[in-house]
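# Descriptive analysis of the structure
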Amino acid sequence: MNDDAVFEGEIRSMLGRRDPGSSPAHLGEAVVERLERERARTGAAGRGRLVVNAAAGLAAVVVLAVVVLGRPSGPGARPGLRPTPSGPSSPLFEGSGLRSSVGPPLLQLALAGAALVGLAVVAARAKRRVVGYGAITVILGIVWIGSMIGTSDALEHTGGFGVEPFLERPAGFESGVFVRADGDDEFRLLVGITNLSRLPLDLVGVAPGAAQIPDADRLPRIVGVGYLPDDDCCLPSRAQPFARLHLDPGESIHLVILGRAGRCATATVEVGASQIDSLPLVYEQLTLLHTAAVRLDEPVSVLNDGVC
Amino acid sequence: MDGLNEAPARVWRLGSVTGSEASFERLVVDHLDRAYRLAAVILGSTADAEEAVSDAALLAWRSRSGLRDPDRFEAWFSRIVVNTCRDRLRSRRRRPVVEVLPTAPNEATEPGDFRELIHTRDELARAFELLSADDRIMLVLRFWADLSIESIAERLGIPSGTVKSRLHHALARLRVGLRGPEVDQ
């Protein structure tokens, strides 16, 4: 037997002498009592957690239902329906489709935040993996959807573009399309709009914008909006009065914007010009209202005499 | 040697461990003896061992959802016991505890070796007490519990190579402690 073996034998012997043998009877009783206390404590806490989890889960479901399904009711608010054309002779009238610009959807953001917190609680406390994974999946879904809505990128100007009455570009101007108007004449813009997001949306109107500022009638401004039916492109005179327009992802529509040139407008005196370079379109996605400044291919200019 | 790897006398297995709190509690109780002995050998104190096992049982109860395979209970629970002992040893460094352990009678039988044997025993026990918590645990699992390198690695959650290395160093430090501080230079 070598030194190592002897040494290890001595260690075994020394450790064996430290072994007290069977545990005392009171140890088992003490452990059982302690576990029973813990079980009673965690049982009560667990029932509390169960109630909290259930409440959080229910709140999350309710909030999601409200956000996803709780669309506004009323005329023109039903989802998935295009407005029925009222006939080719329907005039595009002033005030059609005007909609106030909207701020951030604070209520929906608060509800979505509450849903995320509730789901996070459920995910953290779930004892069953499937529940935890389900909650995490829903959280990721909300974040994914939230990242896609509420951006101006959802709408883009594509396709047709034109003005009526049209004015040849005056000398001295290098770009833009021009409106032939005197005084506060009406003019119309034809603008193709496409839903570029991965979610459907509803166009609900156009924000009048400049109408809110003092002396607004001096400047060109938007006073109404309509649309062209699918088979009727490029004739603004056939515009239908506006109603909520549903656009699936990738779907396009031609809008006809009714404008007033402002009392300073002139088709002959080339002193100055006012421009419209974007359209403040209001749209709704998953009940959330947004205003998108949709940039036009070229600015629309209205000439003015500069002294008005 | 009465090691941890010897067959358990009785193991309660009524249904799933994680599915039944009562059966889990029973399982803990059935392993108390070996857990207590392991803790006592590591800690060198029966009072400390009782407290350590009680704490370990509670920790095991709280983390019972982490036990997926009932057949792994013994290894899983002894790992908790070892960790609890390690914590107690480390905290004890700040407040030394001395306990006189009972010695096995009549182990030295050869005439003439008795005094030397007693001397070596005392020195070895003293040197063992001076080891770090990790060294002690390594030696106890290897030479008292008679666990293989792989089993120790599994219980401690470290690679086998690390176990070999730590075991080697623990033995070396024990030898150094046995020879006295002058050898240490």
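Everything below is about the structure printed above this text.
The following refers to the structure shown.

What counts, and at which threshold
- Residues numbered from 1 in each chain as written.
- Chains lettered and ligands numbered in written order.
- Predicted model: local features only at pLDDT ≥ 70, side-chain atom pairs only at ≥ 80, totals over all residues.
- Helix = DSSP H or I, 4+ residues; strand = E, 2+ residues; numbered from the N terminus.
- Buried ≥ 20, exposed ≤ 12 C-beta atoms within 10 Å, placed from the backbone.
- Pairing = 2+ DSSP bridges.
- Expected span 1.5 Å × (residues − 1).
- Axes fitted to C-alpha atoms, helices over the stretch in contact; angles between N-to-C directions.
- Parallel < 35°, antiparallel > 145°, perpendicular 65-115°, else oblique.
- Left-handed = near helix turned anticlockwise from the far one by under 90°.
- Contact = placed C-beta atoms within 7 Å.
- Nonpolar A, V, L, I, M, F, W, Y, C, P; charged D, E, K, R; others polar.

Tallying secondary structure elements over chain B gives eight helices and zero strands in all. Starting at the N terminus and walking to the C terminus, you meet the elements of chain B as α-α-α-α-α-α-α-α. In chain B, buried positions account for 34% of the 185 residues.

Right, let's talk about the sheet that holds strand 10 (residues 272-285) of chain A for a bit. Residue and element names in this part refer to chain A. Strand order in this open sheet of six strands is 2-3-11-10-5-8, and the pairing throughout is mixed. Here the strands that pair on one side only, and so sit at the sheet edges, are strand 2 (166-167) and strand 8 (245-247). Strand direction decides the pairing type here: strand 3 (residues 177-179) and strand 11 (residues 288-304), joined by three bridges, are parallel. When the bridges of strand 11 are listed, Phe-178 appears paired with Ser-301.

All names here are of chain A. The five strands lie next to each other as 1-4-9-6-7, forming an open sheet whose pairing is antiparallel. The outermost strands of the open sheet, each flanked by one partner alone, are strand 1 (155-164) and strand 7 (240-241). In this sheet, strand 4 (residues 186-195) lies alongside strand 1 in antiparallel orientation, the contact comprising seven bridges. Bridge pairing in strand 4 places Phe-161 opposite Val-191.

So, on to helix 3 (residues 46-62) of chain B. The end-to-end C-alpha distance of helix 3 of chain B, which contains 17 residues, comes to 24 Å, matching closely the 24 Å that a straight helix rising 1.5 Å per residue would cover. Here helix 3 of chain B has its buried residues at B:Thr46, B:Ala49, B:Glu50, B:Ala52, B:Val53, B:Ser54, B:Asp55, B:Ala56, B:Ala57 and B:Ala60.

Attention shifts here to the packing of helix 4 (residues 73-92) of chain B against helix 7 (residues 149-156) of chain B. Residue and element names in this part refer to chain B. Where helix 4 meets helix 7, the axes come as close as 8 Å, and the angle between the chain directions of the two elements is 70°. One finds that helix 4 runs roughly perpendicular with respect to helix 7. Where helix 4 crosses over helix 7, the two elements pack in a sense that is right-handed. When helix 4 is examined against helix 7, the residues Ala-75, Ser-78, Arg-79 and Val-82 are found in contact with a partner set consisting of Glu-154, Arg-155 and Leu-156. For the contact of helix 4 with helix 7, the per-class residue count stands at three nonpolar, one polar and three charged.

A few words now on helix 2 (residues 32-43) of chain B. Residue and element names in this part refer to chain B. Helix length check: helix 2 (twelve residues) gives 16 Å between terminal C-alpha atoms against 16 Å at 1.5 Å per residue, within 8%. Among the twelve residues of helix 2, eleven are classified as buried, and the element is accordingly described as predominantly covered. Burial in helix 2 covers these residues: Leu-32, Arg-34, Ala-35, Tyr-36, Arg-37, Leu-38, Ala-39, Ala-40, Val-41, Ile-42 and Leu-43. Just downstream of helix 2, Gly-44 is the residue with a positive phi angle, here 75°.

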